[in-house]
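Results of the structural survey
Below, each chain spelled out in residue letters.
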Amino acid sequence: MKRFIGFIKKEFYHIFRDRRSLFILFGMPIAQILLFGFAITNEINNVDIAILDHTKDTTTKEIINKIAASKYFSIKQIIEKESDIEAIFKKGKVKAVLNFEKDFSKHLIKESKATIQIITDATDPNTANTITNFVNAILQTYQKELNKNITITYQIVPASRMVYNPELKSVYMFVPGVMTIILMLVSAMLTSISITREKELGTMEILLVSPLKPIQVIVGKVFPYIFLSIINAIVIVALSIFIFKMPVQGSLFLLALESILFIISALALGILISTISATQQTAMMISLMGLMLPVILLSGFIFPISSMPFPLQMISNIIPAKWFIIITKGIMLKGVGIQFIWKETLILIGMTVFFMALSVKKYKIRLE
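Residues numbered from 1 in each chain as written. Predicted model: local features only at pLDDT ≥ 70, side-chain atom pairs only at ≥ 80, totals over all residues. Heavy atoms only, no water.

Let us look at the overall build of the protein chain. When you go through the protein chain residue by residue, the secondary structure sums to 15 helices and four strands. Looking at the protein chain as a whole, 43% of its 368 residues are labelled buried. Residue pairs in contact within the protein chain that sit at least 24 positions apart in sequence constitute 79% of those at least 6 positions apart. Surface summary for the protein chain: the accessible area is close to 20,600 Å², and the carbon and sulfur share equals 63%. (Helix = DSSP H or I, 4+ residues; strand = E, 2+ residues; numbered from the N terminus. Buried < 20%, exposed > 50% of the residue type's maximum accessible area, 1.4 Å probe, protein only. Contact = heavy atoms within 4.5 Å. Areas by Shrake-Rupley, 256 points an atom, 1.4 Å probe, with all protein chains shown as cover.)

What follows concerns unusual backbone geometry. Positioned with a positive phi, Asp 103 is a non-glycine residue whose angle comes to about 55°. Tracing the backbone through its elements, the reader meets Asp 103 in the loop between β3 (96-100) and α5 (104-110). With a phi angle near 55°, Lys 245 is a residue other than glycine that sits in the positive phi range. With respect to the helices and strands, the residue Lys 245 is situated in the loop between α10 (214-242) and α11 (252-276). Since its relative accessible area comes to 56%, Lys 245 is described here as exposed.

One key point about sheets: their strands pair by backbone hydrogen bonds, in either a parallel or an antiparallel sense. Ordered by their spatial adjacency, four strands build an open sheet running β2-β1-β3-β4, and the pairing between neighbours is mixed. Looking at the sheet topology across the chains shown, the edges are occupied by β2 (73-79) and β4 (116-120). Within the sheet, the average angular offset between the axes of one strand and its neighbour, ignoring direction, is 25°. With five bridges connecting them, β3 and β4 associate as antiparallel partners. The residue bridging Leu 98 from the neighbouring strand is Ile 118, located in β4. Against the sheet, helix α6 (residues 125-146) makes contact with β1 (47-53), β2, β3 and β4, and its axis sits at roughly 160° relative to β4, the strand it touches most. (Pairing = 2+ DSSP bridges. Axes fitted to C-alpha atoms, helices over the stretch in contact; angles between N-to-C directions.)

A few words now on the pairing of β2. Pairing geometry for β1 and β2, over six bridges, is parallel. The residue of β2 that forms the bridge with Ile 51 is Ile 78. A crossover links β1 with its parallel partner β2, the connecting element being helix α3 (residues 58-69), and its sense is right-handed. (Right-handed = clockwise from strand over helix to strand, strands pointing away.)

Glancing now at the packing of aromatic side chains. Summed over all chains, the structure comprises four aromatic pairs. Geometrically, the ring pair formed by Tyr 72 and Phe 134 is edge-to-face, given 4.4 Å between the ring centres and 70° between the ring planes. In this pair, Tyr 72 is assigned in the loop between α3 and β2 and Phe 134 in helix α6, connecting sequence segments 62 residues apart. Accessibility expressed as a relative area gives 26% for Tyr 72, which makes it partly exposed. Judged by relative accessible area, which is 24%, Phe 134 ranks as partly exposed. (Phe/Tyr/Trp six-rings, centres within 6.5 Å; stacked < 30°, edge-to-face > 60°.)

Taken residue by residue, helix α4 (residues 83-90) has Ile 85, Ile 88 and Phe 89 as its buried positions. Here the buried residues of α4 occupy an arc of 100° about the axis, which is enough to place them on one side. The exposed residues of α4 that point more than 90 degrees off its buried face are Ser 83, Glu 86 and Lys 90. Backbone geometry just downstream of α4 places Gly 92 in the positive-phi region, at approximately 75°. (Arc of directions from axis to C-beta.)

Here the focus is the packing of α11 against helix α14 (residues 320-334). Two numbers describe how α11 lies on α14: the axes approach to 10 Å, and their chain directions differ by 170°. Taken together, the axes of α11 and α14 are roughly antiparallel relative to one another. Between α11, through Leu 254, Leu 255, Glu 258, Ser 259, Phe 262 and Ser 265, and α14, the contact on the second element is made entirely by Pro 320, Ala 321, Phe 324, Ile 327, Thr 328, Ile 331 and Met 332. (Parallel < 35°, antiparallel > 145°, perpendicular 65-115°, else oblique.)

It is worth spelling out the side chain of Ser 70 at this point. Along the polypeptide, Ser 70 turns up in the loop between α3 and β2. Given a relative accessible area of 15%, Ser 70 falls into the buried group. Within the structure, the side chain of Ser 70 is placed 2.8 Å from the backbone oxygen of Ile 67, a separation counted as a polar contact. (Polar contact = N/O pair within 3.5 Å; in protein donor to acceptor, adjacent residues only side chain to side chain.)

Right, let's get into the environment of Met 179. With respect to the helices, strands and loops of the structure, Met 179 is situated in helix α7 (residues 170-192). Between the C-alpha atom of Met 179 and that of Phe 36, which follows or precedes it by 143 residues, the distance is 10.0 Å. Apart from residues no more than four positions distant in its own chain, Met 179 is found in contact with Ile 236, Val 237, Ser 259 and Phe 324.

With that settled, consider α6. The end-to-end C-alpha distance of α6, which contains 22 residues, comes to 32 Å, matching closely the 32 Å that a straight helix rising 1.5 Å per residue would cover. Within α6, the full set of buried residues consists of Ala 128, Thr 130, Ile 131, Val 135, Ile 138, Leu 139 and Tyr 142. Considering only its buried residues, α6 is in contact with β1, α3, β2, β3 and β4. (Expected span 1.5 Å × (residues − 1).)

For Thr 345, the location among the structural elements is in helix α15 (residues 338-367). Residue classification places Thr 345 among the buried positions, given a relative accessible area of 11%. Within the local environment of Thr 345, its side chain forms a polar contact with the backbone oxygen of Ile 341, the two atoms lying 2.8 Å apart. When residues no more than four places from it in sequence are discounted, the contact partners of Thr 345 are Glu 258, Leu 261, Ile 327 and Ile 338.

Turning to a nonpolar patch on the surface, a few remarks are in order. Residues Met 285, Met 289, Leu 293, Leu 297, Ile 302 and Phe 303 make up a contiguous nonpolar surface patch of roughly 570 Å² in combined accessible area. Within the secondary structure, Leu 293 sits in helix α12 (residues 280-298). (Patch = residues over 30% accessible without salt bridge, like charges linked within 9 Å, V, L, I, M, F, W, Y side chains within 5 Å. Salt bridge = Lys/Arg side-chain N within 4 Å of Asp/Glu carboxyl O.)

Now the structure itself:
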C-alpha cells in the first residue's frame, strides 16, 4: 500500500512540475467556457434589416415602427426599388429585407388582406428561420391589435408555453454541452500522454519490473487527474451559475456524483489511448482528432441525434458525452432525480468499467 501511495505522490509531482499540463488542465477550460458562453449563441439581437416600402402610408409606418422598437431588429437601410435587394444582400449589410406590397393599406381595408414579403439571407439557415419567426410574431401581435374589437364565430387560438427555458436563452443549451466537451477532452487528453510519457522518458521499464500490479499502475495514473478534474468541474459549474446565470434546478450533490462518474470514464478512455500509443504526439492526436469531432458532432450538443442517419445514431450510443449531456440537462434544467436518469448512469458505469478493463488488459500484454 505504501508503494501505491508513493506512486500516486510521484504522479502529482509530475503534474505540478509540467506547466503545460497545468495550463491545459485549468487555463483552457476557463477560456473555453467563457468563449463558448459569450460567443456561441442562436439568439438574435439587433439584426440589421432593410425596408422596401412602396406605399409609405400610416399603416406601413406603424408596422415598421413596431419592428424597429423591438430589441431583435435594427433598420439599417430604407431601399427604394426591388432591384436593390440583391445588391444589398451581396454586400452583406443586412440579414433580411421586408418588402411591403404596393397599396398596402388599400388591400388591407378592401380585401382584409395585405402582403409583406420577408426575404432573408439563408446562407445561415438557422438565423434566417429565426428572423422569419420573429417578424411573423410581431406582425401577428399587430394584427391582434387591429382586430381586438372584431369577434370571429369560430376561433382556434394556439397558446404556447416554453418549459425549462421560457426565455429561449441559448446559454442554457450550450453550457451543459460545453461542460461535457471540456471535461471529456481535457481529461482524456491529459491521461492519454501519461503512460506514453513514461515510454519516451525511458521510465516505462521501471514500471514494468516494479512490484505494483497493473490495476494499481492504471489507478495510480488516473487518481491525480480525478482530483484535479473535479476542481475543474467545480470551476466550470461556478462560472455557469455566477456569470451566465445558469440555473441548477436539481440536486448539486447528484450533479457532482454524475460529473465524477463522467470524469472517471473520460480518464479511463484517455488511459486506454495511452496504452495503445507509442508517443505523446500520437496519443495527443488520437485524443484530439479521435474524440473532438465525435463528441461535438455525435453527442447531441449541437445537432439533434434524432435527425441523424440511423448508422450515426447507433455510433452516438458508444460516446459517453451523449449520455452525460442528457444527465446534465436533466439535472440542471429539468430538476430530475436519479429515478429519471438511472439508465444513462448505468451506461456510463458500464463504459467506465469497459475502458478500465481494456486498459489493464493492454498493460498486461506489455508486461508479457
